[in-house]
Structures are given as structure tokens and as C-alpha cells.
Amino acid sequence: MTGLPVWLQAGFWGLVAGGALLLGAYAGYRFKVPQRLIAAIMAFGSGVLISALSFELMEHAFHTGGFAPTATGFLGGAVVYTLANWALSHRGARHRKRSGCQPPAHENGGSATAIAVGALLDGIPESIVIGLSMLGGSGVSTVAVAAIFLSNIPEGLSSAAGMKQSGRTPHYIFGIWGGIALASSVAALLGYSVFRHFSPQVVAATTAVAAGGVLAMLVDTMIPEAFEETHDFAGLITVTGFLAAFALSKLG
């Protein structure tokens, strides 16, 4: 990878992380995975991302740009995601990560587009983070890539399983996740290319915006769906994911 331009490396790592969506979607479509197992994987992935947000993104943003840009960006990212997610939820994308049966395709034609846009909304902030992590010149953050990869598997698995039960075609299911995987690559590439000439304060704020959007996504979509099936064990599984990512960040 060292021989490739850095912007191309950013796109590659974004594709790797986004490719986990396709991997999860294939498993969810091809195999009958128990809903409790899917929910447990979602809880674990949520813990992984929360840990990455805490020890990679927010810490880096704070040391790069200070508290004010970090706090402003973090809250701003959460607000933007929440408003966008609220709008999409009222158009049929509320349970896009549900592993159980979603609204049938023939009952709500508008939900197809909403689900696709919702999946894009969930994935773009994560991918931008990968590109931003390369701005320091020391290579990609392996913790960020690993965290996003691990969290994307249950997202693709859960949604694909639910879409299959609802009568969605393979072309529709894999078209969505293949498109999101490619968009993730582009977002990571842009995260590096667009912001490499900006001031540390702007980079810090942008990193925090992505972090705020990801955390809002976890609380609004992944964690509720995970708790629906795992119930009393959701907290323990989430803590296990958090600890795994924390250990990875320290070993790295």
C-alpha cells in the first residue's frame, strides 16, 4: 500500500470497511441466522464503535483543534443526523436495521428509497472518519477501520435478513449494499482529499461532526434493534465490544 498515493489508500480502506456491509448482507441473505445472534452481533458492533469514538475520534479532534471546535462539531453532527433520520423514519426507513420482517415491499413503495438513503446516511460519516485519520501522515487508523468493519457486518446482515423476509429481490438487496460500499470508498477518499489543506480546527470539527453523527446513529438505530432481541444481555455484549476495541487501540 505504501506505493499508492495517499488519497487512493484512503479510498481503498473505505472500500474495505464498506465491503463488510456486503459480507454481512450475503450472510443474512444466504443463511438463516437466528435473530438473537444478529442482535448480539449488533450490540457488540455498537460497543466497538462507541469505543472508537471515545479513544480515537474525539480524543484526536480535541488534541488537534481544542474543545470548542470539537464540541460544536460533535453536537452539530448529532443534530444533522437526528433530523435526517427523523425525516427518513417517517418515509419507511425506521427499522432499516431490523433482522425481523420489515414492511412488505408491495405495501410501501416509498420505503425502498428511504431505506437506501438511510443506509447511506449511516455509512458516510463512518467512512469520512477513515479519510480524516490519514491526515496526520502516519497512515490509516487501524482501530477506526477495524471498528467500522466490525460494526458494518451486523448492519448488512440484519438489514438483508429483514429485507429478504419482506420479499425484496437479491438485486435490490445487494444493489443497495454494493452501492453503499462504493460510496464508503468515495467518502473516505474525499475525507482525505478535501480536508488535507484545511486548518487543524476545521479538521477537528469535521472529525467531531462525523463522530456525533455515528453516535446518534448507534442510539437511534442499532442499539434499540439489538436490545429488542437480546434484552438483559445487550449491555454486557456492548461492553464486551467496547473492551475489544479499547484493547485494539492500546495494542495498536
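Computed from a prediction, not measured in an experiment: that's the story for all the values here. (Residues numbered from 1 in each chain as written. Predicted model: local features only at pLDDT ≥ 70, side-chain atom pairs only at ≥ 80, totals over all residues. Heavy atoms only, no water.)

A word on the layout of surface pockets
Right, on to step 1. What the largest pocket holds in volume is close to 340 Å³.
Right, on to step 2. Along the walls of the largest pocket sit 17 residues, with Glu-56, Ser-133, Gly-139, Val-140 and Ser-141 positioned nearest its centre.
Right, on to step 3. Here the lining of the largest pocket is composed, by residue class, of 6 nonpolar, 10 polar and 1 charged.
Right, on to step 4. Estimates place the volume of the second largest pocket at around 190 Å³.
Right, on to step 5. Lining the second largest pocket are 13 residues, and of these Phe-31, Lys-32, Val-33, Ala-161 and Gln-165 lie nearest its centre.
Right, on to step 6. Where the lining of the second largest pocket is concerned, the elements lending two or more residues are helix H1 (6-30), helix H2 (35-65) and helix H5 (142-165).
Right, on to step 7. Taken together, the residues of the lining of the second largest pocket break down into 6 nonpolar, 4 polar and 3 charged. (1 Å grid on protein atoms, 1.4 Å probe; cavity = no way out; pocket = protein on both sides within 12 Å on 5 of 7 lines; lining within 4 Å. Points joined across faces, edges and corners; volume = space filled by probe spheres on them. Nonpolar A, V, L, I, M, F, W, Y, C, P; charged D, E, K, R; others polar. Helix = DSSP H or I, 4+ residues; strand = E, 2+ residues; numbered from the N terminus.)

Here we look at the UniProt feature "transmembrane region" (unreviewed entry) in the protein
Right, on to step 1. The residues that UniProt annotates with the feature "transmembrane region" (unreviewed entry) are residues 6-25, 37-55, 67-88, 128-151, 171-195, 202-219 and 231-249.
Right, on to step 2. Helix and strand shares over residues 202-219 are 100% and 0% respectively, and the end C-alpha atoms of the span are 26 Å apart. (UniProt positions renumbered as here; feature names shortened; annotations may be inferred.)

Considerations on the packing of H2 against helix H7 (residues 200-230)
Right, on to step 1. It is at 9 Å that the axes of H2 and H7 come closest, and there the two elements cross at 160°. In this view, H2 runs roughly antiparallel relative to H7, as classed from their interaxial angle. Judged by the sense of rotation from one axis to the other, the crossing of H2 with H7 is left-handed.
Right, on to step 2. Looking at the contact of H2 with H7 residue by residue, the classes come out as 21 nonpolar, 7 polar and 3 charged. (Axes fitted to C-alpha atoms, helices over the stretch in contact; angles between N-to-C directions. Parallel < 35°, antiparallel > 145°, perpendicular 65-115°, else oblique. Left-handed = near helix turned anticlockwise from the far one by under 90°.)

So, the environment of Leu-88
Right, on to step 1. If you trace the backbone, Leu-88 turns up in helix H3 (residues 67-93).
Right, on to step 2. With a relative accessible area of 11%, Leu-88 lands in the buried category.
Right, on to step 3. Distance from Leu-88 to Val-117, taken between C-alpha atoms, is 7.9 Å for residues 29 residues apart in sequence. (Buried < 20%, exposed > 50% of the residue type's maximum accessible area, 1.4 Å probe, protein only.)

Let's talk about empty space enclosed by the protein
Right, on to step 1. Tallying each qualifying case throughout the model produces 1 cavity of 30 Å³ or more.
Right, on to step 2. Its volume calculated, the largest cavity comes out at about 50 Å³.
Right, on to step 3. Forming the walls of the largest cavity are Leu-49, Ala-52, Leu-53, Leu-57, Glu-126, Val-129, Ala-144, Ala-147, Ile-148 and Val-214.
Right, on to step 4. When contributions to the lining of the largest cavity are tallied by element, the ones reaching two or more residues are H2, helix H4 (110-132) and H5.
Right, on to step 5. Broken down by element, the residue count for the lining of the largest cavity peaks at 4 residues, all from H2.
Right, on to step 6. Residue composition of the lining of the largest cavity, grouped by class: 9 nonpolar, no polar and 1 charged.

Topic: the packing of aromatic side chains
Right, on to step 1. With the rule as written, the count across this model stands at 6 aromatic pairs.
Right, on to step 2. Look at Tyr-26 and Phe-31: their rings are 6.3 Å apart centre to centre, the planes differ by 90°, and that puts the pair in the edge-to-face class.
Right, on to step 3. When its relative accessible area of 45% is taken as the criterion, Tyr-26 is described as partly exposed.
Right, on to step 4. For the pair Tyr-29 and Phe-174, a centre-to-centre distance of 5.6 Å together with 70° between the ring planes defines the contact as edge-to-face. One end of the pair, Tyr-29, is in helix H1; the other, Phe-174, is in helix H6 (residues 170-195), and 145 residues separate them in sequence.
Right, on to step 5. Residue Tyr-29 is classed as partly exposed on the basis of its relative accessible area of 22%.
Right, on to step 6. Look at Phe-174 and you get partly exposed, because its relative accessible area is 26%.
Right, on to step 7. Taken together, the aromatic side chains of Phe-55, Phe-242 and Phe-246 make up a single cluster linked through ring pairs.
Right, on to step 8. Its end group placed over the ring of Tyr-29, Lys-164 keeps NZ or CZ at 4.8 Å from the ring centre.
Right, on to step 9. Over the ring of Tyr-172 we find Arg-168; its NZ or CZ atom is 4.9 Å from the centre of that ring. (Phe/Tyr/Trp six-rings, centres within 6.5 Å; stacked < 30°, edge-to-face > 60°. Lys NZ or Arg CZ within 6 Å of the ring centre and 35° of its normal.)

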